[in-house]
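# Observations on the three-dimensional arrangement
Listed below, chain by chain, are the residues.
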Amino acid sequence: MWLPVMVLVVLIFLYRWNRQRQILPFLTDKYVFITGCDSGFGNVLAKQLDRRGLRVLAACLTDKGAEELKKETSSRLRTIILDISDSQMVTSVTEWITNSVGNEGLWGLVNNAGIVLCGPNGLQRKEDFAKVLEVNLLGTIDVTLHLLPLIRRSRGRIVNVSSGAGRLAVTGGGYCLSKYGVEAFSDSLRREMYNFGVKVSIIEPGAFRTQMSQAENLKMSLTKLWEALPQEIKESYGEQYIQQQCHGLDKLVEYASPKLTEVTDCMEHALTAVFPWTRYSPGWDSKLYFIPLSYLPTAISDYVLLHSTLKTIQTTEKP
């Protein structure tokens, strides 16, 4: 009885493995534009694709980030300064990319740039939500819409960086909202681009150790939110609450993986494979926590998330 099932599973695995390993030829003349290359995933991916021989156009937020990246890459890689929340800069960079790629078009767009401001909803203002959404969601949409004609011309690839938190809202603030939005935008865009031969992939990393996810930076942002609150709200939540949140951020960074190539390998596959996946979920926490928990009944996922919060409170209370 079990033998036919096992044979079927093996055949499916071999079929998927064979499709996954097929890589497109003649990639060295292809242009790929990546946002958020100062550090983290974007920085690692830019170097990785440059070594692969692709023509990388890397957008950095700062001059320092751009200069350091150029020192560590070949002369093929070109950099430009871009704040994706600034539409005028996006328009200017689009002209630069158009002149760079010529009639060939843009093969790949990796929307990687993003910011984090996490914490309880009740501690934040509308402006705090808007700041994150302007970059992570609206900035991603703006860059994509500007570059879409170039990508359609080459029948290329769009790779949008979401998060495991785009499946399961594990914290308040604009971060999870923005990543849920990236998921929805990517899904609708993928269907729209089907007849144009453009493929859209979503990267849903778990927790990885990047500059954006450093505990001290996250706690500093959370502390600023707390200090700006009216006294009435502080008394309502209590000092212990903010200590608990900071302790939770420490725990998050503790188990975050330092292996950024697990993410960038997925990005590279999405850009270079004959059959790219619709979704990539690098990190064991993404595969074994975020995804399974997001499919469970709400009562169960709420219990698990609330239980982990209670454990954090108990740990914080210990002398």
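For clarity, every value in this text was computed on a predicted model and none was experimentally measured. (Residues numbered from 1 in each chain as written. Predicted model: local features only at pLDDT ≥ 70, side-chain atom pairs only at ≥ 80, totals over all residues. Heavy atoms only, no water.)

### Regarding the sheet that holds strand β4 (residues 108-111)
We apply this condition: Only when DSSP finds a minimum of two bridges between them are two strands counted as paired. Elements are defined by DSSP. Helices are runs of H or I of four residues or more, strands are runs of E of two residues or more, and each kind is numbered from the N terminus. Two residues form a contact once any of their heavy atoms are found within 4.5 Å. Orientation is described by lines fitted to C-alpha atoms, with helices fitted over the stretch in contact, and by angles between N-to-C directions that extend from 0 to 180 degrees.
Pairing is parallel across the open sheet formed by 7 strands, whose spatial order is β3-β2-β1-β4-β5-β6-β7. What marks the edges here is a single partner per strand, and that holds for β3 (78-81) and β7 (279-280). Against the sheet, helix α2 (residues 40-52) makes contact with β1 (31-34), β2 (55-60) and β4, and its axis sits at roughly 170 degrees relative to β1, the strand it touches most.

### Let's talk about helix α11 (residues 284-295)
Quick note on the threshold: Take the residue count of a helix, subtract one, and multiply by 1.5 Å to get its expected span. Partly exposed describes any residue whose relative accessible area lies between the buried limit of under 20% and the exposed limit of over 50%, with all areas from a 1.4 Å probe on protein chains only and scaled to the type maximum. Picture the helix axis, draw a direction to every C-beta atom, and the arc is the one those directions span.
Over its 12 residues, α11 extends 16 Å from the first C-alpha to the last, a length consistent with the 16 Å expected when each residue adds 1.5 Å. Residues of α11 that are buried include every one of Asp285, Ser286, Phe290, Ile291 and Leu293, and no others. Down the axis, α11 shows its buried residues gathered within 165 degrees of arc, on one side only. Residues of α11 that are exposed and point over 90 degrees away from its buried face: Trp284, Leu288 and Tyr295.

### Some points on the environment of valine 170
The residue valine 170 is located in the loop between β5 (157-161) and α6 (174-193) in this model. Those residues in contact with valine 170 that sit more than four places away from it in its chain are Ala165, Cys176, Phe290 and Leu305.

### Comments concerning a nonpolar patch on the surface
Put simply, the rule is: The patches reported here contain residues having more than 30% relative accessible area and no salt bridge. Joining distances are 9 Å for like charges and 5 Å for nonpolar side chains (Val, Leu, Ile, Met, Phe, Trp, Tyr). Only the protein chains shown count as cover for residues, and all accessible areas are computed by the Shrake-Rupley method using a 1.4 Å probe. We count a salt bridge whenever a side-chain nitrogen from Lys or Arg sits within 4 Å of a carboxyl oxygen from Asp or Glu.
Residues Leu3, Val7, Val10, Leu11, Phe13, Leu14 and Trp17 make up a contiguous nonpolar surface patch of about 730 Å² in total accessible area. Structurally, valine 7 is set in helix α1 (residues 2-20). With relative accessibility at 42%, the residue valine 7 sits in the partly exposed group.

### Observations concerning the confidence of the model for the protein
Low pLDDT means the predicted atomic positions in that stretch should not be read closely. This is how the line gets drawn: For every residue, the predictor assigns a confidence score, pLDDT, that lies between 0 and 100.
Across the protein, the average pLDDT comes to 89, with 95% of residues at or above 70. Confidence over residues 310-319 falls short of pLDDT 50; this stretch has 10 contacts with residues more than four positions distant or in other chains.

### A look at the packing of α2 against helix α10 (residues 261-272)
What counts is decided by this rule: Note on terminology: angles under 35 degrees are roughly parallel, angles over 145 are roughly antiparallel, angles of 65 to 115 are roughly perpendicular, and the others are oblique. Crossing handedness is defined as follows: a turn of the near helix away from the far one that is anticlockwise and smaller than a right angle gives a left-handed crossing, while the clockwise case is right-handed.
Two elements in contact, α2 and α10, have axes whose closest approach is 9 Å; the angle formed by their N-to-C orientations is 50 degrees. By the criterion of interaxial angle, the relationship of α2 to α10 is oblique. Considering the relative orientation of α2 and α10, their crossing is right-handed. Where α2 abuts α10, its residues Phe41, Val44, Leu45, Gln48, Leu49 and Arg52 lie against Thr261, Val263, Thr264, Asp265, Met267, Glu268, Leu271 and Thr272.

### Here's the deal with the pattern of salt bridges
Applying the stated criterion across every chain yields a total of 10 salt bridges. We note a salt bridge from aspartate 50 to arginine 76, for which the minimum N-O separation is 3.6 Å. Of this pair, aspartate 50 sits in helix α2 while arginine 76 sits in the loop between α3 (63-71) and β3, and the two are 26 residues apart along the sequence. For arginine 76, a relative accessible area of 33% gives the class partly exposed. Between arginine 167 and glutamate 204 there is a salt bridge whose closest N-O contact spans 2.7 Å. Taken as a pair, arginine 167 in the loop between β5 and α6 and glutamate 204 in the loop between β6 (199-203) and α7 (215-227) lie far apart in primary sequence, 37 residues in all. Glutamate 204 gets classed as buried once you look at its relative accessible area, which sits at 0%. Through salt bridges with shared partners, a single network forms among Arg167, Glu183, Asp187, Arg190, Glu204 and Arg279.

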